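Chain by chain, the residues run as shown.
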Amino acid sequence: MVFTTTSAQARQAVATSPRPNAVITWNIHAQTAVYEVARQSPSAAARSFAMAQGAVYDAVNAIAGTPYEPYLIAPHSRPGDSTPAAVATAAYRTLTWLFPAQADSLRTQYEESLAAIPDGPSERGGIAVGAATAAAMIKARHDDGASSDATWPVGTAPGQWRPTPPGVLQVGAWFATLKPFVIDPGDYRTPGPPALTGAAYARDLNEVKAFGSATSTTRTPDQTEAAIWWDDPRLVEWPIKRQLATTHRLGTLQTARMFAMVDLAAADALIACYQEKKHWHFWRPVTAIPLADTDGNPATGADPAWTPLRITAPSPEYPSGHACFTAAVTTALRVYFGRDDLSFSAHSTDSGTTRHYHSLSQAMAELNQARIWAGVHYRFATKDGHRLGTTVARDVLDRAFGMLRHR
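Residues numbered from 1 in each chain as written. Predicted model: local features only at pLDDT ≥ 70, side-chain atom pairs only at ≥ 80, totals over all residues. Heavy atoms only, no water.

S.K.: Even after reading the chapter, I still don't get the packing of aromatic side chains, so can you show me in this structure?
M.R.: Inspection of every chain in the model, using the stated rule, returns 20 aromatic pairs. A centroid spacing of 5.2 Å and a plane angle of 75° characterise the contact between Tyr57 and Phe401, whose relative ring orientation is edge-to-face. With Tyr57 in helix H3 (residues 42–63) and Phe401 in the segment after helix H14 (379–399), the pair connects residues that are 344 residues apart, well separated along the chain. Per residue, the accessibility class of Tyr57 equals that of Phe401, and both read buried. Summarising the aromatic geometry, the rings of Tyr92 and Tyr110 are spaced 4.3 Å apart at their centres and angled 5° between planes, so their arrangement reads as stacked. Linking Tyr92 in helix H4 (residues 83–98) with Tyr110 in helix H5 (residues 103–115), this pair joins segments that are 18 residues apart in sequence. Assigned by exposure class, Tyr92 and Tyr110 land together as buried. (Phe/Tyr/Trp six-rings, centres within 6.5 Å; stacked < 30°, edge-to-face > 60°. Helix = DSSP H or I, 4+ residues; strand = E, 2+ residues; numbered from the N terminus. Buried < 20%, exposed > 50% of the residue type's maximum accessible area, 1.4 Å probe, protein only.)

S.K.: Looking at this structure, I do not really get the layout of surface pockets. What am I missing?
M.R.: Empty space among the atoms becomes visible once a probe the size of a water molecule is rolled across them. Of the pockets and cavities examined, the largest pocket occupies roughly 890 Å³. Taken together, 37 residues form the lining of the largest pocket, with Ser41, Pro42, Thr312, Ala313 and Pro314 sitting closest to its centre. For the lining of the largest pocket, the secondary structure elements donating two or more residues are H3, helix H10 (252–280) and helix H12 (321–337). Its residues assigned to classes, the lining of the largest pocket comprises 18 nonpolar, twelve polar and seven charged. One number sums up the size of the second largest pocket: a volume of about 450 Å³. Lining the second largest pocket are 16 residues; nearest its centre among them are Arg19, Pro20, Pro84, Ala116 and Ile117. (1 Å grid on protein atoms, 1.4 Å probe; cavity = no way out; pocket = protein on both sides within 12 Å on 5 of 7 lines; lining within 4 Å. Points joined across faces, edges and corners; volume = space filled by probe spheres on them. Nonpolar A, V, L, I, M, F, W, Y, C, P; charged D, E, K, R; others polar.)

S.K.: Please explain the confidence of the model for the protein as it appears in this structure.
M.R.: Keep in mind that low pLDDT regions are not for reading the predicted coordinates in detail. Across the protein, the average pLDDT comes to 94, with 95% of residues at 70 or higher. Below a pLDDT of 50 lies the segment residues 1–17, which in the model reaches two contacts outside its immediate sequence neighbourhood of four places, other chains included. (pLDDT = per-residue confidence, 0-100. Contact = heavy atoms within 4.5 Å.)

S.K.: What's the story with the environment of Thr331 in this structure? I'm lost.
M.R.: In this fold, Thr331 is placed in helix H12. Each C-alpha atom of the pair Thr331 and Ala202 lies 31 Å from the other, and the pair is 129 residues apart in sequence. Discounting chain neighbours no more than four positions away, the residues touching Thr331 are Thr390, Ala393 and Arg394.

S.K.: It is not clear to me how H3 should be interpreted in this structure. Could you clarify?
M.R.: Since the α-helix advances by 3.6 residues per turn, residues separated by three or four positions end up pointing in the same direction. With 22 residues, H3 extends 31 Å from end C-alpha to end C-alpha; this agrees with the ideal 32 Å at 1.5 Å per step. Most of H3 sits inside the fold, with 21 of its 22 residues counted as buried. Phi turns positive, to about 95°, at Gly65, one or two residues after H3. (Expected span 1.5 Å × (residues − 1).)

S.K.: Before we go on, may I ask you to explain the pairing of strand E2 (residues 353–357) in this structure?
M.R.: Look at any regular strand and the pattern is simple: side chains alternate between the two faces of the sheet. Going residue by residue along E2, you find Thr353, Arg355 and Tyr357 tucked away on one face and Thr354 and His356 left uncovered on the opposite face. Two strands pair when backbone bridges link them, and strand E1 (residues 344–348) and E2 are joined in this way by five bridges, in the antiparallel orientation. The partner of Phe344 across the bridge, within E2, is Tyr357. The hairpin turn running from E1 into E2, its antiparallel successor, is four residues long, and Gly352 in that turn takes a positive phi close to 70°. (Pairing = 2+ DSSP bridges.)

S.K.: Which parts of the structure should I look at to understand the nonpolar core?
M.R.: One recurring pattern in soluble globular proteins is that nonpolar side chains are buried together. In terms of nonpolar packing, the biggest core is built from 107 residues, with Trp230, Met258 and Phe401 touching the most fellow members. Counting residues per element, this core draws most heavily on H10, which supplies 17 residues. Other than its neighbours up to four places away in sequence, Phe401 contacts Tyr57, Tyr68, Glu69, Tyr71, Arg257, Ala260, Met261 and Leu264. With 15 residues, the next largest nonpolar core counts Leu205, Ala288, Trp306 and Ile372 among its residues. (Core = buried A, V, L, I, M, F, W, Y, C linked by side-chain atoms within 4.5 Å.)

Here it is, written out as structure tokens:
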């Protein structure tokens, strides 16, 4: 039997089909600009996403009548202003400022977004609102310390950080002096690494030595997969956030608010984390294990040929930046949804696999382990990074994005 569809039925199908969520669409465009083209590091990407999503949130919130506390501004809007136009404009203008070399491709994406919106006062109003929030964000982040010439402290004594192979690079220290988005990172401190001569240090070094080696026979295949999956520079946290918005059928305003909560909390958590990295400037396993005969600890042994499963990031070891970041992400998601038992999954190009989780705490616990299995962090660094990221995220969300009482 052949079924035919009348033009009236086709129009009805279009009218009743869910509209694309403009916030998700432009978050994907942002990922393209941030990573697929610019190949920004995870820390630099955190700043870019926070800027884009903060501007988008303020635009959507303003058109919705400002039910929530704005991040920077609540520009004047009128009933009927186009939210998709505001989202596209806020994201487009912020991303173009961040990535001027991508102006042509971003302009194409922007024009495609506007082409789907009827011309008229609604579109013009949405464009004006998005332009205002992007301008406020750009003004707030102008000269914020991004990509400064700051450097990490380098030492040669046992425990002190020095550039690591294979690149032996001195990059990324600018994030420690980056202007924060919400909180003062100087208010947060970690207890510091354990003494090199103590049992705690020996235990954690020997653990990463055994489980994190490129040739480990202790690490299981699933642990190897998890280590690679979590270490993918195309961060799995990005699609997880979009998947949760989709599966929970969040509207445009709620998606914009959730994305901004996650991304601004994560950015401030990383700034606090990088300040602590600079303060402690502790050596990485790839340095410490070959030089273990110099640490004064009889319970550790040197292995000059030891190499980690994954490439070590060009920053001091303590605390773990990935633990800080993912703890902030999971904390913000837990606050937003009011629950921990969220189911989600994501695919990693690096591992070629998709991993599934049934709670935020399950994912966070695995991330902490995965940094050890990757050979790039000690357990104490993931534990203290987890605590720091959680604390910063909670404080960010205590001060921003709350519901306003209508006057």
